[in-house]
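Now for the letters of each chain:
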Amino acid sequence: MRQAGRSLPEYRAAREGTAMLEACLDPALASEITLQPVRRHDVDAAIFFSDIVVPLKLAGVDVEIKPGVGPVMGSAVRTAEDVARLRDLGPLTAEQLAPVAEGVARTVAALGSTPLIGFAGAPFTLAAYLVEGGPSRDHLAARTLMHADPETWVALTEWAADVTGAFLRAQVLAGASATQLFDSWAGSLGLADYVAHVAPASARALSHVEDLAADGVRRVHFGTGTSELLVAMRDVGADVIGVDYRLPLDEANRRLGGRTPLQGNIDPALLEAPWPVLEAHVRDVVARGAQAPSHVVNLGHGVPPTTDPDVLTRVARLVHEI
Ligand code: CP3
């Protein structure tokens, strides 16, 4: 989950003096940072150190990640002309994606038998950053655009789907064993808007890795505040649904008809609670998750930067014991 490494002193030391997106595009550094939490916590899989805006950057979008803020654009994308300029940047080429592919290949070689999860942002979450120009509370400008100018919205989200889909595909071709599509802000949408204005682009993004599913490369789809969207998020072509901390997994499993593997659900807020409280929560999450066809234990959202890394190690050990 995002920021797993940020709570680690070795991460802060490795990142010293290097901007976030610069670190993502340095294959040796990205690989080293990916390995750090695996070494420390003895988890069963690694997630590639990168960011959802990396493919935008590679395509030529003026974007940076401001510490404590998140992705910020040089200028917001609001009009048909703005979107046409984006589309002129074209789809991502293998050459542009080379630093990502090299970072993944190095990481997979160093991980040995531990699998690597590749990931990308879903078109809506990327569009929310592009249209707002940066992080926002309720993604009002993006949600307005889809209704005010549906044609421009479709052009924008189709472009985002192809750029993010190419990023995802490059990671699998370089050796990632599974993919995760993060639609972090989809929870600001009602079901009708999700189905009409967002699901087609998410399906298009996942279609870039559809043929690789035959080789066992499973697709995880995650959002926050998406308790009402779980079925629609599965139906765009996901094999596994990531569940945040808001909905217990037995209920998520019921909503998904008992046939979809789940991921997630430990509440990041509890990482700073007294151990007996956290332990009871982890045991409850695992017990409820056992009702689903399978469950990849994970947090329900990112690791808070103030988390004591030893607590994460202890949680991983507890889950292995269970
Ligand atoms: O933990 C990991 O390193 C896994 C790799 C990873 C990162 N970003 C690295 C990162 C993953 C999977 C992401 C995905 C991501 N990035 C999402 C989707 C997941 C989610 O959390 O909902 C989103 C929305 C982003 C955009 C983004 N990037 C935000 C909101 C931030 C936080 C900004 C802040 O400082 O509060 C980032 C920065 C970021 N991406 C960091 C890391 C390790 C922190 C950079 C730092 O300060 O060192």
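Residues numbered from 1 in each chain as written. Predicted model: local features only at pLDDT ≥ 70, side-chain atom pairs only at ≥ 80, totals over all residues.

1. Concerning the pairing of strand β8 (residues 262-266)
Then step 1. With five of five residues buried, β8 lies mostly within the body of the structure.
Then step 2. The parallel pair strand β7 (residues 240-243) and β8 is bridged by helix α12 (residues 249-255), and the resulting crossover is right-handed.
Then step 3. Bridge count between β8 and strand β9 (residues 295-299): five bridges; the pairing is parallel. Residue I266 lies in a different strand from β9, and its bridge partner there is L299.
Then step 4. Note that the unit made of β8, helix α13 (residues 275-289) and β9 has a crossover that is right-handed. (Buried ≥ 20, exposed ≤ 12 C-beta atoms within 10 Å, placed from the backbone. Helix = DSSP H or I, 4+ residues; strand = E, 2+ residues; numbered from the N terminus. Right-handed = clockwise from strand over helix to strand, strands pointing away. Pairing = 2+ DSSP bridges.)

2. A word on the UniProt feature "domain: Uroporphyrinogen decarboxylase (URO-D)" (unreviewed entry) in the chain
Then step 1. On the UniProt side, "domain: Uroporphyrinogen decarboxylase (URO-D)" (unreviewed entry) is annotated at positions that read residues 117-133 here.
Then step 2. The span residues 117-133 carries 59% helix and 29% strand; its end-to-end C-alpha distance comes to 28 Å. (UniProt positions renumbered as here; feature names shortened; annotations may be inferred.)

3. Some remarks on α13
Then step 1. Between its first and last C-alpha, α13 extends 21 Å over 15 residues, near the 21 Å set by a 1.5 Å rise per residue.
Then step 2. Inspection of α13 places L278, V282, V285 and G289 among the buried residues, and these make up the whole buried set. All buried residues of α13 project into a common sector of 60 degrees when viewed along the axis, lining one side. Facing away from the buried side of α13, by more than 90 degrees, are the exposed residues P276, V277 and A280.
Then step 3. Structurally, α13 contributes buried residues whose contacts are with α12, β8, β9 and α14 (309-321). (Expected span 1.5 Å × (residues − 1). Arc of directions from axis to C-beta. Contact = placed C-beta atoms within 7 Å.)

4. Digging into the nonpolar core
Then step 1. Of all hydrophobic cores here, the largest spans 93 residues; its most connected members are A127 and F167.
Then step 2. If you tally residues by element for this core, the top one is helix α9 (residues 150-173), at eleven residues.
Then step 3. Leaving out residues up to four positions away in the same chain, F167 has contacts with V54, P55, L92, L97, V100 and A120. (Core = buried A, V, L, I, M, F, W, Y, C linked by C-beta atoms within 7 Å.)

5. As for the sheet that holds β7
Paired through backbone hydrogen bonds, the strands of a sheet run either parallel or antiparallel to each other.
Then step 1. Pairing is parallel across the open sheet formed by seven strands, whose spatial order is β1-β4-β5-β6-β7-β8-β9. Each edge of the open sheet carries a strand with a single partner, namely β1 (46-47) and β9.
Then step 2. When strand β6 (residues 218-223) meets β7, the two strands line up parallel, connected through three bridges. Each residue of the ladder has a partner; that of F222, found in β7, is G242.
Then step 3. Here α9 sits on the sheet and contacts β4 (116-121) and β5 (178-183); the angle it forms with β4, its principal contact strand, is near 170 degrees.
Then step 4. The strands touched by α13 are β8 and β9; relative to β8, the strand with the most contacts, the crossing angle is about 155 degrees. (Axes fitted to C-alpha atoms, helices over the stretch in contact; angles between N-to-C directions.)

6. Observations concerning the packing of helix α8 (residues 140-148) against α9
Then step 1. At their nearest, the axes of α8 and α9 sit 5 Å apart, and the two run at 120 degrees to each other. In terms of orientation, α8 and α9 fall into the oblique class. Contacts between α8 and α9 involve L145, M146 and H147 on the former and, on the latter, P150, T152 and W153. (Parallel < 35°, antiparallel > 145°, perpendicular 65-115°, else oblique.)

7. Let's talk about unusual backbone geometry
Then step 1. With phi around 55 degrees, H139 is a residue other than glycine that occupies positive phi space.
Then step 2. Tracing the backbone through its elements, the reader meets H139 in the loop between α7 (123-132) and α8.
Then step 3. A residue is classified by how many C-beta atoms lie within 10 Å of it, and H139, with 22 of them, is buried.
Then step 4. Despite not being glycine, N265 shows a phi value in the positive range, around 95 degrees.
Then step 5. Locating N265 in the fold gives a position in strand β8.

8. Some thoughts on α8
Then step 1. Those residues of α8 not exposed but buried are A142, R143, L145 and M146. Buried residues of α8, seen end-on, are gathered within an arc of 155 degrees and therefore sit on one face of the element. Across α8 from its buried face, at more than 90 degrees, point the exposed residues H147 and A148.
Then step 2. Buried-residue contacts for α8 involve α7, α9 and α10 (191-207).

9. Considering the environment of G133
Then step 1. The residue G133 is located in the loop between α7 and α8 in this model.
Then step 2. By C-beta crowding, G133 is classed as partly exposed, having 17 other C-beta atoms within 10 Å.
Then step 3. Residues G133 and L270 lie 137 residues apart in sequence; the distance between their C-alpha atoms is 32 Å.
Then step 4. Among all residues touching G133, those that are not within four sequence positions of it are M73, S75 and A76.

10. A closer look at the environment of R40
Then step 1. Here R40 shows up in helix α3 (residues 27-41).
Then step 2. Sequence separation of R40 and T313 is 273 residues, and the distance between their C-alpha atoms is 7.0 Å.
Then step 3. Ignoring anything within four residues of it in the chain, the contact list for R40 reads L8, P309 and T313.

11. Observations concerning the packing of α9 against α10
Between two packed helices, both the angle of their axes relative to each other and the distance between the axes serve to describe the pair.
Then step 1. Across the interface, α9 lies against α10 with an axial gap of 8 Å and an inter-helix angle of 25 degrees. Between α9 and α10, the angle falls in the class roughly parallel. Pair α9 / α10 crosses with right-handed handedness. Here W153, T157, E158, A160, A161, T164 and G165 of α9 lie close against α10, whose contacting residues are H197, A201, R204, A205 and S207. (Left-handed = near helix turned anticlockwise from the far one by under 90°.)

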